[in-house]
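# Architecture at a glance
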There are 2 protein chains.
Amino acid sequence: MAKKVKIGLFGLGVVGSGLLEIVNRRRELLLQHFGIELEIVRAVVKDPTKRRKLAMAGVEVGTCADDILNDDTIDIIVELMGGTEFAYDVVKSSLLRGIPVVCANKALVAEKGVELMEIARENRVPFFAEASVGGGIPILKTLRESLVANEISSLTAIINGTTNFILTKMNEEGLSYFEALKLASELGFAEADPTLDVEGIDASQKLRILAAHMASGQFPEGEILCEGITHLTSRDFRFAQQQNMTIKLLAIARRYDQGYQLRVHPTLIPSAHPLANVRNEFNAVYLVGDALGALMLEGKGAGSLPTASAVYSDIIDICSKATIDNGHVRIERQPVSILPVEQVECEYYLRFTISDEPGVIGKIASMLGDYGISVVSASAELIPNIEDMGEVHIIVHKTTESSLNGALAAINQLKQIQGEGRIIRIERDI
Amino acid sequence: MAKKVKIGLFGLGVVGSGLLEIVNRRRELLLQHFGIELEIVRAVVKDPTKRRKLAMAGVEVGTCADDILNDDTIDIIVELMGGTEFAYDVVKSSLLRGIPVVCANKALVAEKGVELMEIARENRVPFFAEASVGGGIPILKTLRESLVANEISSLTAIINGTTNFILTKMNEEGLSYFEALKLASELGFAEADPTLDVEGIDASQKLRILAAHMASGQFPEGEILCEGITHLTSRDFRFAQQQNMTIKLLAIARRYDQGYQLRVHPTLIPSAHPLANVRNEFNAVYLVGDALGALMLEGKGAGSLPTASAVYSDIIDICSKATIDNGHVRIERQPVSILPVEQVECEYYLRFTISDEPGVIGKIASMLGDYGISVVSASAELIPNIEDMGEVHIIVHKTTESSLNGALAAINQLKQIQGEGRIIRIERDI
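Residues numbered from 1 in each chain as written. Chains lettered and ligands numbered in written order. Predicted model: local features only at pLDDT ≥ 70, side-chain atom pairs only at ≥ 80, totals over all residues. Heavy atoms only, no water.

### Quick look at the packing of aromatic side chains
One pass over the full model with this rule turns up 7 aromatic pairs over all chains. Relative to Phe189(A), the ring of Phe165(A) has its centre 4.8 Å away and its plane inclined at 40°; by these criteria the two rings are tilted. Residue Phe165(A) is located in helix 7 (residues 161–173), and its partner Phe189(A) is located in the loop between helix 8 (177–186) and helix 9 (195–198); the two are separated by 24 residues in the primary sequence. For Lys112(B), the ring lying beneath its charged end belongs to Tyr88(B), and the centroid distance is 4.9 Å. Directly above the ring of Phe128(B) sits Arg144(B), whose terminal nitrogen or CZ lies 4.3 Å from the centroid. (Phe/Tyr/Trp six-rings, centres within 6.5 Å; stacked < 30°, edge-to-face > 60°. Helix = DSSP H or I, 4+ residues; strand = E, 2+ residues; numbered from the N terminus. Lys NZ or Arg CZ within 6 Å of the ring centre and 35° of its normal.)

Structure follows, in structure tokens:
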């Protein structure tokens, strides 16, 4: 006997069309192997008159959310719209009515996840969002189920394909930031307005979701250190290569007794590290568990079919009542905190543009010393084609963000310093 | 209300002790978050008098399998013994009695998997073996559940830590095979008798299990092409580096309409491929799905806690009735075949030891031509310290294993060829 499962779909964009395609492709196998007939019965879209190149037979398309929310025959609601207002209302009222929700909306889960997970828990109804992070990479399910034996102490991720593509081109082909961004746009890896990507905002939303799964369903609250890639230069990459390192935009979550350290920033990492070899638009999550040791998952973090692949597996998980207590913890939500940004400790690479005068490095080093920061190495080079201008590159031992900011503010006052010094954090032990 | 789950454990070796440690470590969290109390109530071992540094309170240790098999209060049986005879009897009779089994025994699953999966299916009882492949890497569950939207066309894996450690040292430090093997033994990465590892037998057992999950629970039957790493030389690695490639022992499963191509052999792969950067004792599985595209999982493929981490997650999966129809397909077993080895098509790197006479390369190339094989590049070099002996390195275009074997047999007859030519297969598009 086949079990019919009826889906109500919000959104028929890139991911929605991918989902329709997969549902059609896998129809026969799902019936044969699992005894399930999956039917998308209704879709709510903004513009129902838009021509779509989709096999839409049997799908009623409308604009009114209540068409789906009031349809008692619908078993699972899939939210693929994006945005945090209308989507929030839809997901919340579905969960309140006891209808399971699959959601690919990272902004919504990052912003309202605390509340929605709590509603899901209270109503004992599944709320899965695998597709909200890392496209088709099954990272949330892996954290939730496969690593159930592990306390995850550290999670380090490349979770924005646009920036990883740009950084790969800067590293491998010596392109400037703007040249690489232009190439990314031409190849469809960057949006017309790439701000959310290049400023690290997209990555920090995803990091919040990852951290929640690392913390067994508790969303850490507090500020995430978030820094983008727009200030990186090809000279930074050359310097990195001289140190056998490369630069990646990392999303980092570290667990401490007092809370979580969460941060997104360009980072120097050793070239031999697995994350250094994650190239172009690929995403990867590298984590360390107390039983498992290191584990890395790498794959396509975006795109119609990869993302829909994650949505589909969430649907099948719900059909099979896949997880204890529907994937959320039994206990009530307890506060989990994000550690203050000022307490972040790193090694740093510092870059200053200087007027070429003797003794500048010494001055900088002694000012760093005033803040208890000691220098590992320092070098200066002339900037080609600009007379009497140089660049100083300094690596300093581990120190806190607050000491470093203090020192930087002072150094920036030096008359030989042009503009402001820039920092890139270094992680050798990920 | 806590739900008590009682475990009967066969084997208290490396993985068994890891499991005990994890069960103790996670006791409180499992109760708090999932409402489950996991208790290992009985263990069957060869020598119960052996002193074990384990927290064994509450575990009855004996030597008689029936102590566990006849204990009606036991909910799940965990088989960590190894071997294919006694272990087979234990697993089979557990499944026949309707008791779920978690198994870390790759030899058993590879050899008797067809039959045991069938018994499990008929009795509708879970039989999970995540720990049998890739240690703590959750590859079987990922194939079974997370990739349910995908038809997997290709799976390429580094699934033997010993050989990957040896090949990494040969590649990065220029060691000979024997030097690298010695180092692996000293560091505990190779067993006293490394035959099963270095001849590719361990990898081909694991490949059979991976292929079964790729084929949705059907174990492909037939011969696996299996070749070890003992014949590789440091010159092979130097040659590979000149081509921007490296050599890895790969386990390859490719899906064709007629069946599966399964093979284990040293392989030249491009240095930029993610698998080329899987170093030392690490394992990785790289797969391509029709929706997802490429996905790679990388982690520790062996060791007490990593392997026990996989066993533990299988146990929790069973507690939560994690998968539709207990992880096996509904339909009866249908034959899935492994394609004949002779049909394997590859590019090849050929290496011949020759007496240094003019015209040898020409002779070899023309004999390859007789078998329809065309040469991409050919070069010769003298072997240092051996007078008048040289080595010829040839890369040929894609051809079949049977053509190549024919050509090789003929070339080996040439009087200028010393010993036998060796081949290493090349995969550029994994």
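### Some details on the interface of chain A and chain B
Much of the literature gives interface size as the accessible area that the parts lose upon coming together. Across the contact, 51 residues belong to chain A and 52 residues belong to chain B. Approximately 4,600 Å² of surface area, both sides summed, lies buried where chain A meets chain B, with 57% of it carried by carbon and sulfur atoms. Taken together, chain A and chain B are joined by 4 salt bridges. Here chain A and chain B share 12 residue pairs in polar contact (both at pLDDT 80 or more) between them. Contributing elements (two or more residues each) for the side of chain A that touches chain B: helix 1 (14–25), helix 2 (27–34), helix 6 (139–146), strand 12 (293–300) and helix 12 (304–319) of chain A. For the side of chain A that touches chain B, a count of residues per class yields 25 nonpolar, 14 polar and 12 charged. (Contact = heavy atoms within 4.5 Å. Buried area = accessible area lost by both parts, 1.4 Å probe. Salt bridge = Lys/Arg side-chain N within 4 Å of Asp/Glu carboxyl O. Polar contact = N/O pair within 3.5 Å; in protein donor to acceptor, adjacent residues only side chain to side chain. Nonpolar A, V, L, I, M, F, W, Y, C, P; charged D, E, K, R; others polar.)

### Examining the relation of the copies chain A and chain B
For the pair chain A and chain B, the superposition axis carries a translation of 0.0 Å, the fit reaches an RMSD of 0.0 Å, and the rotation angle comes to 180°. Such a turn and shift between the copies fits a two-fold axis. Comparing contact sets, 100% of the residues at the interface of chain A also lie at the interface in chain B, consistent with an isologous, same-surface contact. (Least-squares fit on C-alpha atoms with pLDDT ≥ 70 in both.)

### Structural notes on the pattern of salt bridges
Across all of its chains, the model carries 50 salt bridges over all chains by this definition. Among the ionic pairs, Glu145(A) bridges to Lys141(B), the shortest N-O distance being 2.6 Å. Highlighted residues: Glu145(A) in helix 6 and Lys141(B) in helix 6 (residues 139–146), drawn from two different chains. Glu145(A) gets classed as buried once you look at its relative accessible area, which sits at 6%. On the accessibility criterion, Lys141(B) (4% relative accessible area) is buried. (Buried < 20%, exposed > 50% of the residue type's maximum accessible area, 1.4 Å probe, protein only.)

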